[in-house]
2 protein chains.
Amino acid sequence: MSNYKKVTSNIIVKLQIIVGVEHVLSGAAILDHYAYDAGTRKDILRYPELVVLPGSSQEVAEIMKLANKHLIPVTPRGGGSGLAGGAVALKGGILLDLVRMNRIIHVDIAAKYMIVEAAVRTLDIQNEAKRHGLLYAGDPCSSDDCVIAGNVATNAGGNKAVKYGVTADQIYELEIVTPQGKILTLGGRLKKNSTGYSLIKLIAGSEGTLGIITKITLKLQKLAPLLPNFLAIFPNLAAAVTLVEALLAEKNALDTTSLELMDRHTVIAIENYQKTKIFYGDIGDVLLIQLEAQNQEDVRFKELYLKELCSLHNCLDIRSIEGEAIWRGRRQWGKALEVDEPIGASEDLVVPVDLITPFIQNLESLATSFQFDFRIAGHAGDGNLHLRILPGTVPIEEWENKLKEFREVLYAVTYSLGGRLSGEHGIGFKRKYFLRSVIQPDELELMKNLKKAFDPNFILNPGKIFDIDAS
Amino acid sequence: MSNYKKVTSNIIVKLQIIVGVEHVLSGAAILDHYAYDAGTRKDILRYPELVVLPGSSQEVAEIMKLANKHLIPVTPRGGGSGLAGGAVALKGGILLDLVRMNRIIHVDIAAKYMIVEAAVRTLDIQNEAKRHGLLYAGDPCSSDDCVIAGNVATNAGGNKAVKYGVTADQIYELEIVTPQGKILTLGGRLKKNSTGYSLIKLIAGSEGTLGIITKITLKLQKLAPLLPNFLAIFPNLAAAVTLVEALLAEKNALDTTSLELMDRHTVIAIENYQKTKIFYGDIGDVLLIQLEAQNQEDVRFKELYLKELCSLHNCLDIRSIEGEAIWRGRRQWGKALEVDEPIGASEDLVVPVDLITPFIQNLESLATSFQFDFRIAGHAGDGNLHLRILPGTVPIEEWENKLKEFREVLYAVTYSLGGRLSGEHGIGFKRKYFLRSVIQPDELELMKNLKKAFDPNFILNPGKIFDIDAS
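Residues numbered from 1 in each chain as written. Chains lettered and ligands numbered in written order. Predicted model: local features only at pLDDT ≥ 70, side-chain atom pairs only at ≥ 80, totals over all residues. Heavy atoms only, no water.

As recorded in an unreviewed UniProt entry, chain A goes by FAD linked oxidase domain-containing protein and comes from Pelosinus fermentans B4. Its UniProt record gives chain A a comment under Cofactor (unreviewed entry), which states: "FAD". (UniProt positions renumbered as here; feature names shortened; annotations may be inferred.)

Written out as structure tokens, the structure is:
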């Protein structure tokens, strides 16, 4: 039972004064556009009452003060590319689209950092860093669409986490606006800090439920002179996984940044989608490997070392791959699989890397017993396995019910291996019912208490991660 | 105004039932021993009402349930080696000495992790890892005395943070007991995790105020075959700092683990304390460098590279140093300086690495204007500068007052450079008054709300980081 209030005409006028009349949007067409995100079904729309486009942190703060005073729910939105439904307005109220806050404020080449506003596209950050001979190491597959504040909100990982870690590891400083409309700067351009609670680490991954991320100071890295790619091809997934473990053990010597596992059906779907034949999906399951190298001699040395390791792990073939096309393919796996088989359900499970093999074995036998099929496109080096579960031979009218049952068993297996529901997409509202059944109840209660400490009126992104009612 | 209750004889009996009569201690001699820690003065004693030594997480949980019900303050204590007074009982009540929980539970060599109880000495963890050909990368200077739960509680950094990060970066999983006596496992043996709020990152560095850390799963690393040490000697600190920046830019090529800056007076004090002459303190200020290397050829290559960089940065001399003595010296700097000049005050400031030079310039002119002197033994590669402020020519009766004034200016300078009060020792109660004057008020309020969410009766380690009254 919530006591949220509706947006009145009086509040609309106040919002128009804060952001300007042209930045308060309503009307059917607009609201339709904001009634779903990349993680939700387009046939079940969830409407905000209106959309507000703030231009600065100060405007965000004024909006939050107003919303908090009048108990209006606020849902922040970045690129709308999230896969857990985090950016849809479940309880109506204000949809806060941060799109206007998209400036790259400062790049410091010597001290290697970049200050950006919330809604700068991740790809633009990567390109800006590259332009200065530097690397921004966050690299989610959705980098074309997603924005940096969304990466922070879900603590996205992506393709370079093997070497550089997740988005939380790329952050020096965050500016947030609290649910009460206070502007706070958390963290600092510091390598260590034991000065009170680490609020910055808590905001990363909190899915816009504790504060609105408005400005970010990102770490930049030295850009390696060469980034050789290799594609290793295997008779089965299990063989590929043993190579992943071997490569992680030699991570420093090879300077590995990426270890991406894709089954043969996934790469064929990508090849069909891209109209290319670069993945050799007709031969087997693949591991896409990226290394960093200092010069051509270093590349040759690492290639030899890699080939030697491959020969010990039942690898059918390993090929050096030039160019960006293979990474474009890797990033498009989700779209390619959707085109290939429109009905399916995606997962973002994460398990200990040394337990990927038992996980896949369990998944295979589970799929068999349900007569389901599945695809894998996983950040194997991080134990983060993106799955697409497919109906297989199950009649379409039984699919939804059987999927629910399947997921319950799959999640139980994942947790029994020490895994978790989400590696990088977050819980949003799509996984919250499942989360409730697998999480320790006392941990969930602590999270709710923490939410209450930040947002006592529960106005910020309500209905995400867990349900909590305004009291 | 707190409404904490006293420990009654009835409660003592209940505690004796939980942990066994022999593990509930009282009496003047015992309480004297626990009335201070390494961070507090031995002439100002702060007594708990009694000391309890639990043997398991279950016993800790039972104690917390009892304490929470009866509003008895509980102060957890590990090695007592903290430098901010975190382990003394400011409000009386129960001192919870975790010393009995000191088992190494499990080492997994293949998957590279170790499970330990709270009070295992950090040195014992390092040695156990080494025995298996692995590295535990946490390396605080107090490793002889400190225990792992204390390292987590302060998020200690130490000597290898340049390559491996701080204690929070070494943790897969934490078991904590909440102030309500619930046992929770946070995190997991996972490389990424976006499944709800990252409570594990919040517990690290929370100084035992949010939960009692009872069990820790630590990451282990591959142990490098060789760890060559070099001592670079400079005409002044500023020259040494420019080399630090150059070495950080080449961190990957050199595989640098440690960049420790010590002024000439500090190293002479260490030499006198150790009765050795290994630091060349009579020549200049020094930078102690440790690299990782794969073989002797790699050492020779890195040594040449290092010497070339040194020649570009006004280095007087650089020497290869064998053996552990130099690190023993580095670790003993605090004791050596105390013997050298018993009156002084220590600092644990942290600033952006590229701003160490302006920080030191400010420090020098500030010391001059106050007629103070100072010593530096800093983890320069992390911007974490341990200082010892000395009275210089100031009469001893003026020292305390002038020190307070000096600190206020020094901290303002530190914050103006984007620095913070503590890099790795924590706030404890020694720095809480200063914290109040430099922190954003809204950030402090958020921390207090968060404390309340975890510990509504404020019974756990009260009076640390900030003051908050039981309501």
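Enquirer: What should I look at first to understand the overall build of chain A in this one?
Expert: From N to C terminus, chain A includes 17 helices and 18 strands. Dimensions of chain A, computed from C-alpha atoms along their principal axes, come out at roughly 70 × 60 × 45 Å. Counting over 471 residues, chain A shows a buried share of 60%. When contacts within chain A are restricted to residue pairs at least 6 apart in sequence, long-range pairs at least 24 apart make up 73% of them. (Helix = DSSP H or I, 4+ residues; strand = E, 2+ residues; numbered from the N terminus. Buried < 20%, exposed > 50% of the residue type's maximum accessible area, 1.4 Å probe, protein only. Contact = heavy atoms within 4.5 Å.)

Enquirer: Explanation requested: the packing of helix 10 (residues 264-274) of chain A against helix 13 (residues 333-340) of chain A in the structure shown.
Expert: Residues and elements named next belong to chain A. The N-to-C vectors of helix 10 and helix 13 enclose an angle of 90°; their axes lie 8 Å apart at closest approach. Taken together, the axes of helix 10 and helix 13 are roughly perpendicular relative to one another. From helix 10, T266, A269, I270 and Y273 reach across to helix 13, where they touch W333, K335, A336, L337, V339 and D340. Grouping the constituent residues of the contact of helix 10 with helix 13 by class yields seven nonpolar, one polar and two charged. (Axes fitted to C-alpha atoms, helices over the stretch in contact; angles between N-to-C directions. Parallel < 35°, antiparallel > 145°, perpendicular 65-115°, else oblique. Nonpolar A, V, L, I, M, F, W, Y, C, P; charged D, E, K, R; others polar.)

Enquirer: Please explain the domain arrangement of chain A as it appears in this structure.
Expert: How large an interface is tends to be reported as the accessible area lost when its parts come together. According to the domain assignment, chain A consists of domain 1 (9-100), domain 2 (105-222), domain 3 (229-333) and domain 4 (341-433). On a C-alpha basis, the centres of domain 1 of chain A and domain 3 of chain A stand 42 Å from each other. (Domains from an automatic or database assignment.)

Enquirer: I keep staring at the interface of chain B and chain A and nothing clicks. Help me out?
Expert: Between chain B and chain A, the residue contacts involve 72 residues of the former and 72 residues of the latter. Between chain B and chain A lies a buried interface of about 5,600 Å² when both sides are counted; carbon and sulfur atoms form 57% of it. Looking at the side of chain B facing chain A, the largest losses of area belong to K192, S194 and Y197 of chain B, adding up to 17% of the total buried there. Our count for the chain B to chain A interface comes out at 12 salt bridges. One salt bridge in this structure joins E250 of chain A and K222 of chain B, with 3.2 Å as the shortest N-O distance. (Buried area = accessible area lost by both parts, 1.4 Å probe. Salt bridge = Lys/Arg side-chain N within 4 Å of Asp/Glu carboxyl O.)

Enquirer: Mind showing me how you'd approach the UniProt feature "domain: FAD-binding PCMH-type" (unreviewed entry) in chain A here?
Expert: On the UniProt side, "domain: FAD-binding PCMH-type" (unreviewed entry) is annotated at positions that read residues 44-223 of chain A here. Helix and strand shares over residues 44-223 of chain A are 22% and 25% respectively, and the end C-alpha atoms of the span are 44 Å apart.

Enquirer: I would appreciate a short explanation of the relation of the copies chain B and chain A in the present structure.
Expert: The two copies are related by a screw operation: chain B maps onto chain A through 180° of rotation and 0.0 Å of translation along the axis, at an RMSD of 0.0 Å. Put plainly, the chains are arranged around a two-fold axis. (Least-squares fit on C-alpha atoms with pLDDT ≥ 70 in both.)

Enquirer: It is not clear to me how the sheet that holds strand 10 (residues 212-219) of chain A should be interpreted in this structure. Could you clarify?
Expert: The pairing of strands in a sheet happens through backbone hydrogen bonds and is either parallel or antiparallel. Residue and element names in this part refer to chain A. Reading across the sheet, the five strands line up as 5-6-10-8-9 and stay open at both edges, with antiparallel pairing between neighbours. The two strands at the open ends of the sheet, each matched to only one other strand, are strand 5 (104-108) and strand 9 (183-187). On average, adjacent strands in this sheet sit at an angle of 15° to one another, irrespective of strand direction. Summarising the sheet, strand 6 (residues 113-117) and strand 10 pair through five bridges and their orientation is antiparallel. Its bridge partner being in strand 10, Y113 is matched across the sheet by K219. Against the sheet, helix 3 (residues 57-70) contacts strand 8 (171-177), strand 9 and strand 10, and its axis sits at roughly 45° relative to strand 8. (Pairing = 2+ DSSP bridges.)

Enquirer: I tried to follow the packing of aromatic side chains on my own but got confused; where do I start?
Expert: Centre-to-centre distance and the angle between the planes together describe a pair of aromatic rings. Residues and elements named next belong to chain A. Applying the stated criterion to the full structure yields 14 aromatic pairs over all chains. Between the aromatic rings of Y411 and F434, the centroid separation amounts to 5.0 Å while the plane-to-plane angle is 85°, which identifies the pairing as edge-to-face. With Y411 in helix 15 (residues 396-416) and F434 in helix 16 (residues 432-438), the pair connects residues that are 23 residues apart, well separated along the chain. A relative accessible area of 2% places Y411 in the buried class. (Phe/Tyr/Trp six-rings, centres within 6.5 Å; stacked < 30°, edge-to-face > 60°.)

Enquirer: How should I be thinking about the pattern of salt bridges in this particular structure?
Expert: If charged atoms from side chains of opposite charge come close, those side chains can pair. All names here are of chain A. Tallied over the entire structure, the rule returns 62 salt bridges over all chains. Measuring nitrogen to oxygen at the nearest pair gives 3.9 Å for the salt bridge that ties E59 to R100. Highlighted residues: E59 in helix 3 and R100 in the loop between strand 4 (94-97) and strand 5, separated in sequence by 41 residues. Judged by its relative accessible area of 18%, E59 falls in the buried class. Between D317 and R319 there is a salt bridge, with the nearest N and O atoms lying 2.7 Å from each other. Given the relative accessible area of 25%, D317 is considered partly exposed.

Enquirer: Help me out: how do you make sense of the sheet that holds strand 16 (residues 345-350) of chain A in this one?
Expert: All names here are of chain A. Strand order in the open sheet formed by seven strands is 15-12-14-13-17-18-16, with antiparallel pairing between adjacent strands. A single partner strand is all that each edge strand has here, and the edge strands are strand 15 (317-321) and strand 16. Neighbour-to-neighbour, the strand axes of this sheet turn through a mean angle of 15°, independent of strand direction. The pairing of strand 16 with strand 18 (residues 384-390) spans six bridges and is antiparallel. Following the sheet pairing, L349 is matched in strand 18 by L385. Running at roughly 160° to strand 17 (residues 373-379), helix 14 (residues 356-370) makes contact with strand 13 (256-262), strand 16, strand 17 and strand 18 of the sheet.

Enquirer: Is there a simple way to explain the environment of N155 of chain A in this structure?
Expert: Along the polypeptide, N155 of chain A turns up in the loop between helix 5 (148-154) and helix 6 (161-164). The buried category is assigned to N155 of chain A, whose relative accessible area is 12%. With 137 residues separating them in the primary sequence, N155 of chain A and I18 of chain A have C-alpha atoms 30 Å apart. Each residue touching N155 of chain A, except ones within four places of it in the same chain, is listed here: V166, T167, A168, A204, G205, G423 and E424 of chain A together with S194 of chain B. Within the structure, the side chain of N155 of chain A is placed 3.4 Å from the backbone nitrogen of T167 of chain A, a separation counted as a polar contact. Here A168 of chain A takes part through its backbone nitrogen, which lies 2.8 Å from a polar atom of the side chain of N155 of chain A. (Polar contact = N/O pair within 3.5 Å; in protein donor to acceptor, adjacent residues only side chain to side chain.)

Enquirer: Looking at this structure, how should I read the pairing of strand 12 (residues 229-234) of chain B?
Expert: Taken residue by residue, a regular strand's side chains alternate between the two faces of the sheet. With respect to burial, strand 12 of chain B is a largely interior element, six of its six residues being buried. Burial of strand 12 of chain B is two-sided: the residues N229, L231 and I233 of chain B facing one way and the residues F230, A232 and F234 of chain B facing the other way are all buried.

Enquirer: What exactly am I supposed to notice about the pairing of strand 8 (residues 171-177) of chain B here?
Expert: All names here are of chain B. The buried fraction of strand 8 is high, at six of seven residues. Judged from the six bridges that link them, strand 8 and strand 10 (residues 212-219) form a sheet pairing that is antiparallel. Across the sheet, the residue bridging to V177 is I212, located in strand 10. As paired strands, strand 8 and strand 9 (residues 183-187) are joined by five bridges and run antiparallel to one another. Opposite V177, over in strand 9, you have I183 as the bridge partner.

Enquirer: Explain unusual backbone geometry to me, please; I cannot follow it from the model alone.
Expert: In this structure, N461 of chain A takes a positive phi of about 45° despite not being glycine. Tracing the backbone through its elements, the reader meets N461 of chain A in the segment after helix 17 (441-454).

Enquirer: Mind showing me how you'd approach helix 1 (residues 9-19) of chain A here?
Expert: What sets the pattern is the α-helix's 3.6 residues per turn: residues three or four places apart point alike. All names here are of chain A. Listed in full, the buried residues belonging to helix 1 are I11, L15 and V19. Buried residues in helix 1, looked at end-on, bunch into an arc of 55°, giving them a common side. Exposed side chains of helix 1 directed beyond 90 degrees from the buried face belong to S9 and I17. Among the structural elements, strand 1 (24-25), strand 2 (50-52), helix 3 and strand 4 are those in contact with the buried residues of helix 1. Two residues or fewer past helix 1, G20 is found with a positive phi of approximately 95°. (Arc of directions from axis to C-beta.)

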